[in-house]
Amino acid sequence: MLKTLRKIFRAALLVSLPLFIWASLAGAQPKAGSATPALPGQEWEGFVSQQKEEFIQVVTAPEEWSALWKRAFDQPAPAVDFERHAVACVFLGYSATWLFAIVFDEPQVRDTTVVIPFGLVEMILELSGPFKAGGQYAMKVVEKRKGHRLVLEETPESQRSIRRD
């Protein structure tokens, strides 16, 4: 009987441990950072935010950046030098059908546009119940180029399947 209970406990632990780790990481809020401005390449990412609607765009102004952090995390935004930098932002909102890693590729210049490619990669999890999206996001600081506009573009290899109403 004791051996059977130990086997059941081990099996339950092995099944629930990845879910416990994921849940503890998903609940962590990003740090607002210091007064030192973020540098190109700096990223923020996570699986939980208060950004309910999909938001995929490049933020180029401090007012918009502050509003996004207030809306998504209810905290002050990290410092970014918007004279020289912008932030590529991908928030999947609450309509994502699964858990994704959001990946940015290197920016590409096309005429007078700097394209910031991004893609979604399905994360493999074995869950005991249905997945409920909670505002997955990734943000990356990029350099501005004089006379160029910045746009985000999803790569063809992206594995997104977001429900659109």
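Use the structure listed above.
Asker: Where do I start with the overall build of the protein in this structure?
Answerer: When you go through the protein residue by residue, the secondary structure sums to two helices and eight strands. In sequence order, the secondary structure elements of the protein are arranged as α-β-β-α-β-β-β-β-β-β. Expressed as a percentage of its 165 residues, the buried residues of the protein come to 36%. For the protein, the share of sequence-separated contacts (at least 6 apart) that also reach a separation of at least 24 residues comes to 75%. Counting only carbon and sulfur atoms, one obtains 57% of the accessible surface of the protein, whose full area is about 10,300 Å².

Asker: Hey, could you run me through the packing of aromatic side chains in this one?
Answerer: Aromatic ring pairs: the centre-centre distance and the angle between the two ring planes describe each pair. The full count for this structure, using the stated rule, is nine aromatic pairs. Measuring from ring centre to ring centre gives 5.5 Å for tryptophan 44 and tryptophan 65, while their planes differ by 55°; the resulting arrangement is tilted. Residue tryptophan 44 is located in strand β1 (residues 43-46), and its partner tryptophan 65 is located in helix α2 (residues 62-73); the two are separated by 21 residues in the primary sequence. The class of tryptophan 65 is buried, set by a relative accessible area of 2%. Residues phenylalanine 73 and tyrosine 137 carry aromatic rings whose centres are separated by 4.9 Å and whose planes lie at 65° to one another, so their mutual orientation is edge-to-face.

Asker: Teacher, can you tell me more about the pattern of salt bridges here?
Answerer: Oppositely charged side chains can pair when the atoms bearing their charge come close. The final tally for this structure, using the stated rule, is three salt bridges. Lysine 70 is the salt-bridge partner of aspartate 74, the closest N and O atoms lying 2.7 Å from each other. Judged by its relative accessible area of 47%, aspartate 74 falls in the partly exposed class. We note a salt bridge from arginine 84 to aspartate 81, for which the minimum N-O separation is 3.9 Å.

Asker: Would you explain the sheet that holds β1 in this entry?
Answerer: Each strand in a sheet pairs with its neighbour through backbone hydrogen bonds, running either in the same direction (parallel) or in the opposite one (antiparallel). Ordered by their spatial adjacency, four strands build an open sheet running β1-β7-β3-β2, and the pairing between neighbours is antiparallel. Looking along the sheet, the strands with just one partner apiece sit at the ends: β1 and β2 (55-59). Pairs of neighbouring strands in the sheet enclose a mean axial angle of 10°, with direction left out of account. Sheet strands touched by α2: β1, β2, β3 (85-93) and β7 (136-143). Its angle to β2, the strand with the most contacts, is close to 150°.

About the criteria used
- Residue positions are given per chain, counted from 1 along the sequence in the order it is written.
- Confidence filtering applies because this is a predicted model: local features only for residues at pLDDT of at least 70, side-chain atom pairs given and counted only at 80 or more, and all residues used for totals across whole chains, interfaces and linings.
- Note that the side-chain values use all heavy atoms of the structure and ignore hydrogens as well as water.
- Runs of H or I in DSSP of at least four residues are treated as helices and runs of E of at least two as strands, each being numbered from the N terminus.
- Three labels apply to residues, based on accessible area from a 1.4 Å probe with only protein chains included: buried if under 20% of the type maximum, exposed if over 50%, partly exposed otherwise in between.
- Residue contacts follow a heavy-atom distance rule, with two residues in contact if any of their heavy atoms lie within 4.5 Å.
- Only the protein chains shown count as cover for residues, and the accessible areas themselves come from Shrake-Rupley with a 1.4 Å probe.
- Working definition: rings of Phe, Tyr and Trp (its six-membered ring) pair if their centres are within 6.5 Å, and the pair is stacked with planes under 30 degrees apart, edge-to-face with planes over 60 apart, and tilted otherwise.
- By convention in these notes, a salt bridge is any Lys or Arg side-chain nitrogen within 4 Å of a carboxyl oxygen on Asp or Glu.
- By this definition, two strands are paired if DSSP reports at least two bridges between them.
- Note on method: axes are straight lines fitted to C-alpha atoms, helices fitted across the in-contact stretch only, with angles between N-to-C directions ranging 0 to 180 degrees.

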